[in-house]
Amino acid sequence: WMLMERLDGEEGGDHGDALRAIAAVHRAWVSRVDEALALGAHDRRGPSTLPHTLIHGDLHPGNLLGGTIIDWSDAAVANPLHDLNHYLCNAPEEQREELLDAYAEAWPEYDIHAEAAACEAETYEYIAESYAGITEACAEDDHWWFADEEAGWLARAEAVRAGRRPSRG
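This one's a predicted model, so the numbers in the text were calculated from it and none came from an experiment.

Q: Tell me about the overall build of the protein, and name the residues and values.
A: If you tally the helices and strands in the protein, you get seven helices and five strands. Reading the helices (α) and strands (β) of the protein from amino to carboxyl end gives α-α-β-β-β-β-β-α-α-α-α-α. In summary, the protein has a C-alpha radius of gyration of 16 Å against a globular reference of 15 Å for 169 residues, a match within 12%. Considering only C-alpha atoms, the protein reaches an extent of 45 × 45 × 35 Å along its principal axes. Taking all 169 residues of the protein together, 40% fall into the buried category. In the protein, 70% of the contacts between residues at least 6 apart in sequence involve partners at least 24 apart. Of the roughly 9,300 Å² that the protein leaves accessible, carbon and sulfur atoms contribute 51%. Positive and negative side-chain charges of the protein, numbering 12 and 34 respectively, have mean locations separated by a distance of 5 Å.

What follows is the structure in structure tokens.
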């Protein structure tokens, strides 16, 4: 609220439009990684078949207000598929293929379905690392807010690595 004008709208939005919007951001920042880092984005580059770029870092339907993606406090330079996989965790399972297709429109040279599946466990580990950092940054008496998050995301990663689909949501 300190950096933006008031945004009107309801939480959430069209899932396909949200993934098209973040894919456009990802594509636009591929050539601007040094700029993103200079502006203060964390460098969280790791294995990625897609080019590293600016990512939201906590992309889910609750961070949509109408057609605007909000709460960029976890932005970093990393694998763009972390945003896609994180979003898919919180979107309706019956829309999964359709949403992958929407995101893939911006990356026609890649098999986004296969690439997203291949890095799903790494996404969950990425999110676990984020929660570990958030928890550490909180006052000790506020650690309870995120007490189970790191372990929960690591359990999801372990499930994927074991060939099991982790529960969604």
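Still more to cover.
Q: Summarise a negative patch on the surface; cite the residues concerned and give the values.
A: Taken together, the side chains of D14, E97, E98 and D101 present a region of like negative charge at the surface. For E97, a relative accessible area of 47% puts it in the partly exposed group.

Q: Hey, could you go over helix α1 (residues 15-29) for me, with residue numbers and the actual values?
A: In this model α1 runs 21 Å from its N-terminal to its C-terminal C-alpha over 15 residues, within 8% of the 21 Å that 1.5 Å per residue would give. When we look at burial in α1, the residues that qualify are H15, G16, A18, L19, I22, A23, H26 and W29. All buried residues of α1 fall inside an arc of 160° around its axis, so they share one side. Structurally, α1 contributes buried residues whose contacts are with α2 (33-38), β2 (53-55), β3 (64-65), β4 (68-69), α3 (81-90) and α4 (96-104).

Q: Residues and numbers for the sheet that holds strand β1 (residues 42-43), please.
A: Strand order in the open sheet made by the three strands is β1-β5-β2, with mixed pairing throughout. Looking at strand neighbours, the two that pair on one side only are β1 and β2, the edges of this open sheet. As paired elements, β1 and strand β5 (residues 76-78) share two bridges and run parallel to each other. Across the sheet, H42 pairs through a bridge with A76, a residue of β5.

Q: Just give me the short version of the nonpolar core, but keep the residues and values in it.
A: For soluble globular proteins, the rule of thumb is that nonpolar side chains tend to be buried together. Counting 21 residues, the largest nonpolar core has L19, L81, L84, Y87, Y103 and I112 as its most contacted members. Listing elements by their share of this core, those giving two or more residues are α1, α3, α4 and α5 (112-118). Apart from the residues lying within four places of it in its own chain, the contact partners of Y87 are H15, A18, L19, L59, H60, P61 and L64.

Q: Any chance you could break down unusual backbone geometry for me, citing the residues and the numbers?
A: Positive phi, normally seen in glycine, also occurs at D71, with a value near 60°. Relative to the helices and strands, D71 is located in the loop between β4 and β5.

Calculation rules
Position numbers for residues start from 1 in each chain and track the written sequence from start to end. Where totals are concerned, whole chains, interfaces and linings use all residues; where local detail is concerned, this predicted model gives features only for residues with pLDDT of at least 70, and gives and counts side-chain atom pairs only at 80 or more. Values reported for side chains reflect all heavy atoms of the structure, with hydrogen atoms and water molecules removed beforehand. Strands here are runs of E lasting at least two residues and helices are runs of H or I lasting at least four, both read from the DSSP assignment and numbered beginning at the N terminus. It is over C-alpha atoms that the radius of gyration is taken, and the globule rule equals 2.2 Å times the number of residues to the power 0.38. Here's how the labels work: a residue is buried when its accessible area is under 20% of the maximum for its type, exposed when over 50%, partly exposed in between, all with a 1.4 Å probe on protein chains only. Throughout, a contact is declared for two residues whenever any of their heavy atoms are within 4.5 Å. Where accessible areas are quoted, they stem from the Shrake-Rupley method and a 1.4 Å probe; at the residue level, only the protein chains shown are allowed to cover. His residues and chain termini do not enter the charge count, which takes Lys and Arg as positive and Asp and Glu as negative. One atom stands in for each charge, and that atom is NZ of Lys, CZ of Arg, CG of Asp or CD of Glu. Only residues whose relative accessible area exceeds 30% and that form no salt bridge enter a patch; like-charged residues are grouped when within 9 Å of one another, and nonpolar side chains (Val, Leu, Ile, Met, Phe, Trp, Tyr) when within 5 Å. The salt bridge criterion pairs a side-chain nitrogen of Lys or Arg with a carboxyl oxygen of Asp or Glu, the two atoms within 4 Å. A helix is expected to span 1.5 Å multiplied by its residue count minus one. This arc describes the spread of directions from the helix axis toward the C-beta atoms. Two strands are said to pair when DSSP picks up at least two bridges between them. Buried Ala, Val, Leu, Ile, Met, Phe, Trp, Tyr and Cys residues that are joined via side-chain atoms within 4.5 Å together make up what is termed a nonpolar core.

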